[in-house]
Amino acid sequence: MMKANQRGLLETEQLKHILLEACQRGEMAVHMTAKDMVQELIRQLKQVFKDSGS
């Protein structure tokens, strides 16, 4: 069984990967606020979970 700390680190790595991909696609601009970034992350996570059937 995965410890909570390990699971948290894995989730953090997944979030960083999603953010990096968004930056590379130009979806996240330099002038974005933290709120904008969180909203974009939520949008992408919803899509990830929808695609994975979760």
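Everything numeric here is computed off the predicted structure, so don't read it as measured data. (Residues numbered from 1 in each chain as written. Predicted model: local features only at pLDDT ≥ 70, side-chain atom pairs only at ≥ 80, totals over all residues. Heavy atoms only, no water.)

Examining the overall build of the protein
Each helix and strand in the protein was counted, giving 2 helices and 0 strands. Of all 54 residues assigned to the protein, the portion counted as buried reaches 15%. Within the structure as shown, the protein displays about 4700 Å² of accessible surface, and the carbon and sulfur contribution to it stands at 61%. (Helix = DSSP H or I, 4+ residues; strand = E, 2+ residues; numbered from the N terminus. Buried < 20%, exposed > 50% of the residue type's maximum accessible area, 1.4 Å probe, protein only. Areas by Shrake-Rupley, 256 points an atom, 1.4 Å probe, with all protein chains shown as cover.)

Considerations on the layout of surface pockets
By volume, the largest pocket amounts to about 160 Å³. Contributions of two or more residues to the lining of the largest pocket are made by α1 (4–24) and α2 (34–52). When residues in the lining of the largest pocket are grouped by element, the largest group, 4 residues, is from α1. Taken together, the residues that form the lining of the largest pocket break down as 5 nonpolar, 1 polar and 1 charged. (1 Å grid on protein atoms, 1.4 Å probe; cavity = no way out; pocket = protein on both sides within 12 Å on 5 of 7 lines; lining within 4 Å. Points joined across faces, edges and corners; volume = space filled by probe spheres on them. Nonpolar A, V, L, I, M, F, W, Y, C, P; charged D, E, K, R; others polar.)

Looking at the side chain of Gln44
Tracing the chain through its elements places Gln44 in helix α2. Judged by its relative accessible area of 8%, Gln44 is buried. A distance of 2.5 Å separates a polar atom in the side chain of Gln44 from a polar atom in the side chain of Glu40. (Polar contact = N/O pair within 3.5 Å; in protein donor to acceptor, adjacent residues only side chain to side chain.)

Describing α2
Compared with the 27 Å implied by 1.5 Å per residue over 19 residues, the 27 Å span of α2 between its first and last C-alpha is a close match. Every buried residue belonging to α2 is among Glu40, Leu41, Gln44 and Leu45, and all of these are buried. All buried residues of α2 fall inside an arc of 135 degrees around its axis, so they share one side. For α2, exposure combined with an orientation more than 90 degrees from the buried face picks out Lys35, Lys46 and Lys50. Positioned one or two residues after α2, Gly53 has a phi angle of 80 degrees, which is positive. (Expected span 1.5 Å × (residues − 1). Arc of directions from axis to C-beta.)

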